[in-house]
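# Breakdown of the fold
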Amino acid sequence: MNPCVTRQELERFRSAIVARVGLHFDESKLSFLEEVLRRRVSRLDRSSAAYLAELEDDAPRAELTALAEELTVGETYFFRHNDQFRALAEFALPDRMRARATARTLNLMSAGCASGEEAYSIAIVARETVTDPSWNVVVQAVDLNRSVLQKAEKARYSAWALRETPPPIKEKWFRRDGRELALDEQLRRTVHFKQANLASDDSALWQPGVYDVVFCRNVLMYFAPDQMRATIARIAASLAPGGYLFLGHAETLRGVSDDFDLHHAHDAFYYRRKDEPRPAKSLRPYVKVESAVAPALLPGLATTAWMDAIRHASERITRLVPAHGKSTSPPQRAATWQLATALDLLRAERFDEALAYICNGPPQSRDDPDVLLVKALLLVQAGQSIAAEEACQQLLLIDGLNAGAHYVLALCRECAGEPERAMEHDRLAAHLDPAFAMPRLHSGLLARQAGDHKAARSDLAQALVLLQREDVSRVLLFGGGFSRDALVALCQSAVSKCGDRL
Ligand SMILES: C[S@@+](CC[C@H](N)C(=O)[O-])C[C@H]1O[C@@H](n2cnc3c(N)ncnc32)[C@H](O)[C@@H]1O
């Protein structure tokens, strides 16, 4: 039987999958979705209409399980992105042990654990770090796909699954059994697997403040933006204040959540929950969620994002200014104050006037993140790097995941003669906004100055690609007075001085 599927039914199927499982499939995956829909309808011997109605209404768990097996990707291995496990051992676990010194229990989670490699890696690191036997360490591991969980429960793996596992760890925690490697039995028992859907509320799983560390890697990049936000909000609420969240390499929380601070150690980025999660409405409105979700899948991203940001900021501040001001600024001037005017002055290279205009803005503008960022940039261009740094710190208190603030801090640290700290901020900026060219260019130039030509070439190569599609207004703002062409030429010249061509 080969049931016929209409375009409308396919769209309904796509929407129902987002709603029920969180997963988003773009146009290029429609024929795959069509195949899945045909298979499910045929297997259940239903009409497409009846099947979709049930899926939309209240899909039975068995059907969600079957769909998960059809739709999810289970690629994983032990110690994937080992730098994150180093950060877990060196920073997150010791910090959480201090916080739980009285209870002496740590609750860790692998969300979207697939066949268990991530959860067992967490358990191994915890056992190696928390050596005092009076501590109780539990790893909760969840996935929607039942067949991968069955494999996880067995805890037997091929050598390929351990390809990134340090040899001493392999020797200590695994025993060869025929062609397989079997995990230490006691360790296996510290991990509890459960079938659960991250896209739905599960009050037993997501109790407030229980987890110390959550790994949720390479799962949310497949989610629709709203489902990603909702899942992150659940994780934030169920992490203890100060608890840690590890996402996949290409995933960021920029534009998704305000509840976390970003940290960077070795080559790993990770997040720490702020003391009190803020309501979702405090999210920066201009940030493109898509860039945070799957930057690599979005060529041509962010062409007007920054200009929209400035327009929104101007409108927002104008709205905040009282019509008959009680403010200290003259009401007339305050009511017509526009951040866009400062940008016009900037475009005309009247930098001092732009800075004076910003500094004389209405009081309501002074805590606005976009105003603070423009101010910080103008200050650093004017050589006032200490004041610029203060503006950035003020901005980061409001929006801890602001990529622009980290970029300006990189410039400030360079002015202070601290190139390594500068590169650290460049890395944070580039991680938060993978489409942002300037931090790549800046860190490439700094690496070249430091004689690290390999790192310089890598950063400059990425900067060259990103510069071609960088938002025009971001070039204006962050380009230090250079045009896009001039920045590209600067980049190419720096590459040639590294002794190689791209
Ligand atoms: C690519 S694997 C990631 C495995 C591991 N976290 C890692 O990074 O190595 C993604 C896993 O997420 C699971 N997943 C996808 N959607 C899910 C959902 N709505 N609820 C629970 N798990 C889900 C898939 O079944 C799959 O096993």
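As a reminder, the structure under discussion sits directly above these lines.
The present account deals with the structure reproduced in this document. Please read all numbers here as calculations on a predicted model, not as lab measurements. (Residues numbered from 1 in each chain as written. Predicted model: local features only at pLDDT ≥ 70, side-chain atom pairs only at ≥ 80, totals over all residues. Heavy atoms only, no water.)

### Considerations on the packing of helix 2 (residues 30–44) against helix 3 (residues 48–58)
Working note: a packed helix pair is described by the angle between its axes plus the distance between those axes. Going by this rule: Axis lines are fitted to C-alpha atoms, over the contacting stretch for helices. Their N-to-C directions set the angle, which ranges from 0 to 180 degrees. Strands are runs of DSSP state E lasting at least two residues, helices are runs of H or I lasting at least four, and both sets are numbered from the N terminus onward. We call two directions roughly parallel when the angle between them is under 35 degrees, roughly antiparallel when it is over 145, roughly perpendicular when it lies between 65 and 115, and oblique otherwise. By definition in these notes, contact holds between two residues if any of their heavy atoms fall within 4.5 Å. Each residue is assigned to one of three groups, with Ala, Val, Leu, Ile, Met, Phe, Trp, Tyr, Cys and Pro labelled nonpolar, Asp, Glu, Lys and Arg labelled charged, and all others, Gly among them, labelled polar.
Where helix 2 meets helix 3, the closest approach of the two axes is 10 Å, and the angle between their N-to-C directions is 100°. Between helix 2 and helix 3, the angle is such that the two are roughly perpendicular. Touching Leu37, Arg40, Val41 and Leu44 of helix 2 are Ser48, Tyr51 and Leu52, all from helix 3. Across the contact of helix 2 with helix 3, the residue classes break down as five nonpolar, one polar and one charged.

### Quick notes on the pattern of salt bridges
What counts is decided by this rule: The salt bridge definition used is simple: a Lys or Arg side-chain nitrogen within 4 Å of an Asp or Glu carboxyl oxygen.
Summed over the entire model, instances satisfying the criterion amount to 32 salt bridges. A salt bridge links Glu424 to Arg427, with the nearest nitrogen and oxygen atoms 3.9 Å apart. Taken together, the residues span about one helical turn, with Glu424 and Arg427 both in helix 19 (residues 419–432) at a distance of three residues. Here the salt bridges do not stand alone but share partners, grouping Arg7, Glu11, Arg14 and Glu27 into one network.

### A closer look at the sheet that holds strand 3 (residues 156–157)
What counts, and what does not: Only when DSSP finds a minimum of two bridges between them are two strands counted as paired.
A sheet is described by the order of its strands in space; here three strands give the open sequence 3-5-4, paired in antiparallel fashion. Every other strand in the sheet has two partners, leaving strand 3 and strand 4 (174–177) as the edge strands with one partner each. Looking at chain direction, strand 3 and strand 5 (residues 180–183) are connected through two bridges and run antiparallel. Each bridged residue has a counterpart across the sheet, and for Arg156 the counterpart in strand 5 is Ala182.

### Quick notes on the site of the ligand
Spelled out, the test is: Near, as used in this document, describes a residue that has one of its heavy atoms within 4 Å of the molecule or strand being considered. Between N or O atoms, a polar contact is any pair within 3.5 Å; within protein, one atom must be a potential hydrogen donor and the other a potential acceptor, and residues adjacent in sequence are included only when both atoms are from side chains. We get accessible surface area from the Shrake-Rupley algorithm with a probe of 1.4 Å; when it comes to residues, only the shown protein chains can shield them.
Surrounding the ligand, one finds 21 residues, the nearest of these being Thr76, Arg80, Gly112, Asp143 and Asn218. A distance of 3.2 Å separates a nitrogen atom of the ligand from a polar backbone atom of Leu144. Asn218 is positioned with one of its side-chain polar atoms (N or O) 2.8 Å from an oxygen atom of the ligand. For the ligand, the protein covers 98% of the area, taking 600 Å² as the surface of the free molecule. The class makeup of the residues in the shell around the ligand is 10 nonpolar, six polar and five charged.

### A closer look at the pairing of strand 8 (residues 239–247)
What counts here: When accessible area is computed with a 1.4 Å probe and restricted to protein chains, residues below 20% of their type maximum are described as buried, those above 50% as exposed, and intermediate ones as partly exposed. Seen with its strands pointing away from the viewer, a crossover is right-handed when the path leading from the first strand over the helix to the second is clockwise.
Across the nine residues of strand 8, eight count as buried, placing the element largely inside the fold. The sheet contact formed by strand 7 (residues 211–216) and strand 8 spans five bridges and is parallel. Note on strand 8: the bridge partner recorded for Phe215 is Phe246. Viewed along the sheet, the connection from strand 7 through helix 10 (residues 225–238) into strand 8 turns out right-handed. For strand 8 and strand 10 (residues 268–273), the ladder comprises two bridges, and the chain directions are antiparallel. Residue pairing in the sheet places Leu245 in a bridge with Tyr271 of strand 10.

### Remarks on the sheet that holds strand 1 (residues 105–111)
Strands pair in a sheet through their backbones, by hydrogen bonds, and they do so in one of two ways: parallel or antiparallel. Reading across from one edge, 6-2-1-7-8-10-9 is the order of the seven strands in this open sheet, with mixed pairing throughout. Two strands bound the open sheet, and with one partner strand each, they are strand 6 (191–195) and strand 9 (260–265). Neighbouring strand axes in the sheet, compared pairwise and without regard to direction, differ in orientation by 20° on average. With six bridges connecting them, strand 9 and strand 10 associate as antiparallel partners. By the bridge assignment for strand 10, Ala265 is matched with Ala268. This element, helix 6 (residues 117–129), spans strand 1, strand 2 (136–143), strand 6 and strand 7 of the sheet and lies at about 155° to strand 1.

### A look at the packing of aromatic side chains
Each aromatic ring pair is described using two quantities: the centre-to-centre distance and the angle formed by the ring planes. Test applied: For this analysis, a ring pair means two rings from Phe, Tyr or Trp (six-membered ring only for Trp) whose centres lie within 6.5 Å, classed as stacked if their planes differ by under 30 degrees, edge-to-face if by over 60, and tilted for the remaining angles.
Per the stated rule, a full pass over the model turns up 17 aromatic pairs. With a centroid separation of 5.5 Å and 75° between ring planes, the pair formed by Tyr120 and Phe193 is classed as edge-to-face. With Tyr120 in helix 6 and Phe193 in strand 6, the pair connects residues that are 73 residues apart, well separated along the chain. Residues Tyr120 and Phe193 agree in their burial class; the two are buried. Judged by centre distance (5.8 Å) and plane angle (70°), the rings of Tyr407 and Phe478 are edge-to-face. Linking Tyr407 in helix 18 (residues 403–415) with Phe478 in helix 22 (residues 472–478), this pair joins segments that are 71 residues apart in sequence.

### As for the nonpolar core
Just so we agree on the cut-off: For our purposes a nonpolar core is just a set of buried Ala, Val, Leu, Ile, Met, Phe, Trp, Tyr and Cys residues, chained together by side-chain atoms within 4.5 Å.
Core analysis: the largest hydrophobic core is formed by 107 residues, its most contacted members being Phe13, Cys216, Ile232, Leu245, Leu253 and Tyr271. Among the nonpolar cores identified, the runner-up in size contains 44 residues, and Phe79, Leu108, Ala161 and Leu162 belong to it.

### Considering helix 17 (residues 385–398)
Because the α-helix completes a turn every 3.6 residues, residues three or four places apart line up on one side. The criterion, for reference: How far a helix is expected to stretch is found by multiplying one less than its residue total by 1.5 Å. The directions considered for the arc run from the helix axis to the C-beta atoms.
The first and last C-alpha atoms of helix 17 sit 20 Å apart over 14 residues, in line with the 20 Å expected at 1.5 Å per residue. If you check which residues of helix 17 are buried, you get Ser385, Ala388, Glu389, Ala391, Cys392, Leu395 and Leu396. Mapping the buried residues of helix 17 onto a view down its axis gives an arc of 160°, with all of them on the same face. Exposed residues lying more than 90 degrees from the buried face of helix 17 are Ile386, Glu390 and Leu397. Elements that come into contact with the buried residues of helix 17 comprise helix 16 (369–381) and helix 18.

### Re the pairing of strand 2
Counting buried residues in strand 2 gives six out of eight residues, a clear majority hidden from the surface. Here strand 1 pairs with strand 2 via seven bridges, running parallel. Among the inter-strand pairings, Asn107 is bridged to a residue of strand 2, identified as Val138. Handedness of the strand 1-helix 6-strand 2 crossover: right-handed. Sheet topology places strand 2 next to strand 6; five bridges connect them, and they run parallel. For Val139, the partnering residue across the bridge sits in strand 6 and is Val191.

### A short note on helix 23 (residues 484–497)
Here helix 23 spans 20 Å end to end across 14 residues, near enough to the 20 Å set by a 1.5 Å rise per residue. Immediately beyond the C-terminal end of helix 23, within one or two residues, lies Gly499, with a positive phi of roughly 80°.

### Some remarks on the environment of Leu345
Summarising the element assignment, Leu345 is placed in helix 14 (residues 339–347). Separated by 12 residues in sequence, Leu345 and Tyr357 have C-alpha atoms that sit 9.0 Å apart. Leu345 has contacts with Arg350, Glu353, Ala354 and Tyr357, leaving out every residue within four places of it along the chain.

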